[in-house]
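Coordinates in review
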Amino acid sequence: MRFKRILLKLSGESLQGEQGYGIDPKRLSEYAQQVKEIRDMGVQVGIVIGGGNIFRGLQGAGKGFDRVKGDQMGMLATAINSLALSSALGAAGCPNRVLTAIRMEPIGEFYTKWKAIEAMERGEVVIMSCGTGSPYFTTDTGSSLRGIEIEADVMLKGTRVDGVYTADPEKDPTATKYSSITYDEVLEKKLRVMDLSAICMCQDNNLPIYVFNMDIVGNLKKVMEGEEIGTLVHN
Ligand code: UDP
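Let us look at the structure shown here. Note that the structure is a prediction, hence the values are computed from the model and not measured. (Residues numbered from 1 in each chain as written. Predicted model: local features only at pLDDT ≥ 70, side-chain atom pairs only at ≥ 80, totals over all residues. Heavy atoms only, no water.)

Let us look at the side chain of Ser144. In this fold, Ser144 is placed in helix α6 (residues 139–149). Taking the relative accessible area as the measure of exposure, Ser144 reaches 0% and is therefore buried. Here Ala198 takes part through its backbone oxygen, which lies 3.3 Å from a polar atom of the side chain of Ser144. Excluding residues that lie within four positions of it along the chain, Ser144 makes contacts with Met155, Met194, Ala198, Met201, Cys202 and Leu207. (Helix = DSSP H or I, 4+ residues; strand = E, 2+ residues; numbered from the N terminus. Buried < 20%, exposed > 50% of the residue type's maximum accessible area, 1.4 Å probe, protein only. Polar contact = N/O pair within 3.5 Å; in protein donor to acceptor, adjacent residues only side chain to side chain. Contact = heavy atoms within 4.5 Å.)

Within this structure, the stated rule accounts for one aromatic pair. Taking the ring centre of Tyr210 as reference, the NZ or CZ of Arg2 above it sits at 5.0 Å. One cation-aromatic arrangement involves Arg146 over Tyr111; the distance from NZ or CZ to the ring centre is 3.7 Å. (Phe/Tyr/Trp six-rings, centres within 6.5 Å; stacked < 30°, edge-to-face > 60°. Lys NZ or Arg CZ within 6 Å of the ring centre and 35° of its normal.)

A packed helix pair is summarised by two numbers, namely the angle formed by the two axes and the spacing between the axes. Look at helix α2 (residues 25–40) against helix α4 (residues 67–91): their axes get within 9 Å of each other, and the N-to-C directions meet at 60°. Regarding the angle of α2 to α4, the classification is oblique. α2 and α4 meet at a crossing whose hand is right-handed. Residue-level inspection shows Leu28, Tyr31, Ala32, Val35 and Lys36 of α2 in contact with α4, the latter providing Ala84, Leu85, Ala88 and Leu89. For the contact of α2 with α4, the class distribution of residues is eight nonpolar, no polar and one charged. (Axes fitted to C-alpha atoms, helices over the stretch in contact; angles between N-to-C directions. Parallel < 35°, antiparallel > 145°, perpendicular 65-115°, else oblique. Left-handed = near helix turned anticlockwise from the far one by under 90°. Nonpolar A, V, L, I, M, F, W, Y, C, P; charged D, E, K, R; others polar.)

Any link to function would need more than the numbers given here.
See below:
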């Protein structure tokens with residue numbers, strides 16, 4: 001197996017599927033199936049999921065919301081998505097649990113590194129919700145933090161593009177894809193892999209990031225089997 005323990009970052013926005021808002025049940029169950037598949041292969045899986053399909057703090061700040069309250073709303077949105085994913089994993093027969101960075105029992109147990117690791121070692125998929133638990137962060141930083149804490153071998157960033165490109169492939173048809181790239185190059189070229197704080201954290205703590213298209217069913221398994229379908233960001 002290519003990686004023994006992974007941190008999978010899923011964006012909230014992808015969860016909305018074709019709907020443009022909220023949670024698309026088809027996309028949700030596809031994600032759950034893909035996660036179950038690799039968990040059944042023996043991979044230890046931690047997941048951080050975003051909330052952009054429901055609310056982003058910055059959006060609110062633009063409309064006169066208090067930034068901290070807006071970010072708290074965003075973190076609650078990640079809890080909603082986490083519960084949806086947990087439920088879909090359960091329906092697929094995949095043992096899992098939700099941990100929360102903000103106390104909200106009985107929705108999920110309060111996160112600690114050790115609870116997460118023990119559960120993964122028992123074969124449960126662990127969904128770590130509410131990002132870092134603090135405002136002014138994103139779930140990208142939440143994933144870097146949790147990935148480093150749980151000692152993951154890699155952070156898999158599941159997106160709707162199949163890797164890191166020289167320019168935005170949705171805008172520039174001449175853009176080409178990197179199969180691997182260093183953190184320094186990403187920073188120097190200002191490539192938008194993740195937000196800056198998240199990139200720096202991964203770089204400082206030597207956590208590689210693998211960017212791939214999670215919206216194509218079967219891709220997560222391909223990554224685990226070593227197929228070069230995305231971009232590796234490394235030191
Ligand atoms: N958020 C936060 N702290 C965190 C993680 C998330 O305040 O540690 C808030 C922030 O407002 C963010 C929202 O939750 O905009 C949803 O997360 P994100 O934008 O990362 O979701 P995604 O873009 O991955 O769907």
